[in-house]
Amino acid sequence: MKRRAGSRGFTLIEVLVAMAVFAILSALAYGALNQTLASAEILGDRMDRLQAIQRAVRHLDRDFMLLNPRPVRSELGENYDAALQTNRLSGAAVELTRAGWSNPAAVPRGTLQRVAYRLEDDELIRYYWNVLDRTLSNEPVAVTLLEDVEAIQVRFLLNNGEWADEWPPQVFGAPPGLRQRPRAVEVVLRLVEEGEITRLIEVAP
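It should be emphasised that the depicted structure is a prediction, and the values quoted were computed from it without experimental measurement.

Calculation notes
- Residues numbered from 1 in each chain as written.
- Predicted model: local features only at pLDDT ≥ 70, side-chain atom pairs only at ≥ 80, totals over all residues.
- Heavy atoms only, no water.
- Pairing = 2+ DSSP bridges.
- Helix = DSSP H or I, 4+ residues; strand = E, 2+ residues; numbered from the N terminus.
- Axes fitted to C-alpha atoms, helices over the stretch in contact; angles between N-to-C directions.
- Contact = heavy atoms within 4.5 Å.
- Patch = residues over 30% accessible without salt bridge, like charges linked within 9 Å, V, L, I, M, F, W, Y side chains within 5 Å.
- Areas by Shrake-Rupley, 256 points an atom, 1.4 Å probe, with all protein chains shown as cover.
- Salt bridge = Lys/Arg side-chain N within 4 Å of Asp/Glu carboxyl O.
- Lys, Arg positive; Asp, Glu negative; His and termini not counted.
- Charge placed at Lys NZ, Arg CZ, Asp CG, Glu CD.
- Buried < 20%, exposed > 50% of the residue type's maximum accessible area, 1.4 Å probe, protein only.

(A) Representation of the sheet that holds strand β4 (residues 92-98). The sheet built from five strands is open, its strands ordered β3-β4-β5-β6-β7 with antiparallel pairing. A single partner strand is all that each edge strand has here, and the edge strands are β3 (84-87) and β7 (141-147). In this sheet, adjacent strand axes meet at a mean angle of 20° when their direction is disregarded. Judged from the six bridges that link them, strand β6 (residues 123-129) and β7 form a sheet pairing that is antiparallel. The partner of leucine 124 across the bridge, within β7, is leucine 146. Against the sheet, helix α1 (residues 12-65) makes contact with β3, β4, β5 (113-120), β6 and β7, and its axis sits at roughly 130° relative to β7, the strand it touches most.

Given below as structure tokens:
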């Protein structure tokens, strides 16, 4: 049977050229895919970071908004600690009593909770105790809220409109107000990459 005139196969050169073109297109497509996957991973990391920041800010908002004037007995039982206090010696940026502690499991406990915020190894950690008047045997529960935190600063708005860096405010000749609360609290978080985040929180009267 005779082959139809004009019909022929691909030459070796044509096959090599086609393979080269295909290889170039494949390399370009692979590079674009890698770039897309890398961008998606970066975007995912940024979203996770943003969500972590939002969670930390929500915790701060809720705790200060629900600030309760109830003082707590010190661990040694000799005196009382203020409902809201800053204590640099203990390493806590701030420690407070808050209301509204939810109890979905109906555990036999109150609705008040003692919490503290500390900065340890560039991590913002929230501590809370299962009892208010704790002893040395009551260990707190630690929850890491945010990483890569350089500093946390807390200021308190007084009734006269002035700001205080310590609480209870130091008034010469007067004992500290264990139940005293500020009008508002300003929290400044200085983050490694994002810079400063400032939050002004109104304290419920």
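Now that the structure has been shown, we can carry on.
(B) Up close: a negative patch on the surface. Judged by side-chain charge, Asp121, Asp122, Glu147 and Asp148 come together as a negatively charged surface patch. Examined against the element boundaries, aspartate 148 turns out to sit in the loop between β7 and β8 (149-157). For aspartate 148, a relative accessible area of 40% translates into the label partly exposed.

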